[in-house]
Amino acid sequence: IEPPLVCIISSIAIDHVNYLGTDEISIARQKAGIVKKGSVCVCPVMEKKIMEVLKSEAEQRGGKIFFTENLFSVKKCDWEKGFMIFLRNEKECVYNALGDYQSLNASCVVSGLEILRKNGFNRLDEEVVRKGFASVNLPARLQVIKKGGRNFIIDGLHNLAAARTFASNFKKSPFFGRDCRFVCAILSDKDYISMLKVFAELTNKFCFTKVSSPRALSPWNLADAMAKINPDADIEVNEDVESVLSSFSFEETMVIVGSFYLAGEAIKLLNEEKIFLRGFNDSNRS
């Protein structure tokens, strides 16, 4: 791979342990492989031990690393329309996605663009950044879809760190405390017990389903695990994602989490409005 002028490592978390390692230090070493000779790598400020590993690995490869603080604060979070307003140096900008962590991602982008400008990319000015942030499109990342008078919140969170981040943001949303049902599918190589414990703090209504992956956990296994975590939980099992989307009551907000396979299937079905509305109308008549 040709050395990039700028690369970004946005986070370090336990995932893909069969390939990356079972601890954050090992994973940091693997991720640092993106740094090439002459490259500059941008990262948010992390734990000291992680930053030391990334810095050491970058230097060994002949690159440099730059750690950025959070440059933005979140002034407004519009969960109905799916955007936030960031504030920096008393100037506002629209960021077309949700999640507090996005301010760190945006900070890495801005820091990376500053490095590029020093290398002659003079057209990457503030107006370009503003337009870019306003047109961000991140499906299955705290995505809110409205269909048939219902709210569907979709996040492809697929590891424990992502589940915890989702929970932190969801608790700040207007949907927390409402009548919510979590629709979940998780792959077998994930720490699904810990993920389910996080979900159990957010609702007591669940529907477990199946996705088209050979690594998918049986929804019945997930249901059994949740029943042990919360014996009072309202638990359903439905292996047909389309049926899940058109079921349950008007009042429920449906939160679809645990796998990008599930998120992808759900988004596709919700975008196929005829399929969705047919199922919705049939269930509504009953």
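This structure is a prediction, so every number in the text was calculated from the model and none was measured. (Residues numbered from 1 in each chain as written. Predicted model: local features only at pLDDT ≥ 70, side-chain atom pairs only at ≥ 80, totals over all residues. Heavy atoms only, no water.)

1. Observations regarding the sheet that holds strand β8 (residues 150-155)
Taken together, six strands build an open sheet; the order of strands is β7-β8-β12-β9-β10-β11 and the sheet is mixed. This sheet does not close on itself; its edge strands, each paired only once, are β7 (143-147) and β11 (234-237). Neighbour-to-neighbour, the strand axes of the sheet open up by a mean angle of 20°, direction not taken into account. In this sheet, β11 lies alongside strand β10 (residues 205-208) in parallel orientation, the contact comprising four bridges. Bridge pairing links Phe-206 to Ile-235 in β11. Here helix α8 (residues 219-229) sits on the sheet and contacts β9 (180-184), β10 and β11; the angle it forms with β11, its principal contact strand, is near 170°. (Pairing = 2+ DSSP bridges. Helix = DSSP H or I, 4+ residues; strand = E, 2+ residues; numbered from the N terminus. Axes fitted to C-alpha atoms, helices over the stretch in contact; angles between N-to-C directions. Contact = heavy atoms within 4.5 Å.)

2. Re the state of the cysteines
Applying the stated criterion across every chain, the model contains zero disulfides. Cysteine Cys-43 is unpaired, with the sulfur of Cys-41 as its nearest cysteine sulfur at 3.8 Å. For Cys-43, a relative accessible area of 0% translates into the label buried. With no disulfide partner, Cys-184 has as its closest neighbouring cysteine sulfur the one in Cys-207, 8.6 Å distant. Residue Cys-184 is classed as buried on the basis of its relative accessible area, which comes to 0%. (Disulfide = S-S within 2.5 Å. Buried < 20%, exposed > 50% of the residue type's maximum accessible area, 1.4 Å probe, protein only.)

3. As for the packing of helix α6 (residues 160-170) against helix α7 (residues 192-200)
Angle between the axes and distance between the axes are the two parameters that describe a pair of packed helices. The contact between α6 and α7 brings their axes to 9 Å, and the two run at 5°. Our classification of the angle between α6 and α7 gives roughly parallel. For the pair formed by α6 and α7, the contact residues are Leu-160, Ala-163, Arg-164 and Ala-167 on the first element and Ser-194, Met-195, Val-198 and Phe-199 on the second. Residue classes in the contact of α6 with α7 are distributed as six nonpolar, one polar and one charged. (Parallel < 35°, antiparallel > 145°, perpendicular 65-115°, else oblique. Nonpolar A, V, L, I, M, F, W, Y, C, P; charged D, E, K, R; others polar.)

4. Description of the pattern of salt bridges
Evaluation of the coordinates by the stated rule reveals 12 salt bridges. Notably, a salt bridge pairs Glu-80 with Lys-146, separated by 2.6 Å at the nearest N-O pair. Of this pair, Glu-80 sits in the loop between β4 (73-78) and β5 (83-88) while Lys-146 sits in strand β7, and the two are 66 residues apart along the sequence. Taking relative accessible area as the criterion, Glu-80 reaches 39% and is therefore assigned partly exposed. (Salt bridge = Lys/Arg side-chain N within 4 Å of Asp/Glu carboxyl O.)

5. Notes on the packing of aromatic side chains
Per the stated rule, a full pass over the model turns up 12 aromatic pairs. Measuring from ring centre to ring centre gives 5.8 Å for Phe-206 and Phe-208, while their planes differ by 5°; the resulting arrangement is stacked. The two residues Phe-206 and Phe-208 agree in class, both being buried. Through successive ring pairs, a cluster of aromatic residues spans Phe-166, Phe-170, Phe-176, Phe-182, Phe-199, Phe-206 and Phe-208. Note that Arg-88 overlies the ring of Phe-72, its terminal NZ or CZ placed 6.0 Å from the centroid. (Phe/Tyr/Trp six-rings, centres within 6.5 Å; stacked < 30°, edge-to-face > 60°. Lys NZ or Arg CZ within 6 Å of the ring centre and 35° of its normal.)

6. Concerning the sheet that holds β4
One key point about sheets: their strands pair by backbone hydrogen bonds, in either a parallel or an antiparallel sense. In spatial order, the strands read β4-β5-β6; together these three strands make up an open sheet with antiparallel pairing. Looking at which strands have only one partner, the edges of the open sheet turn out to be β4 and β6 (91-95). Going from strand to strand, the sheet's axes swing by 25° on average, the running direction of each strand aside. Of the pairings in the sheet, the one linking β4 to β5 comprises five bridges and is antiparallel in character. Opposite Cys-77, over in β5, you have Met-84 as the bridge partner.

7. So, the nonpolar core
Formed by 44 residues in total, the largest nonpolar core has its most connected members in Phe-166, Phe-170, Phe-182 and Phe-199. If one sorts the elements of this core by residue count, α6 sits on top with five residues. Within the second largest apolar cluster, 20 residues are counted, among which are Val-211, Val-244, Ala-263 and Leu-269. (Core = buried A, V, L, I, M, F, W, Y, C linked by side-chain atoms within 4.5 Å.)

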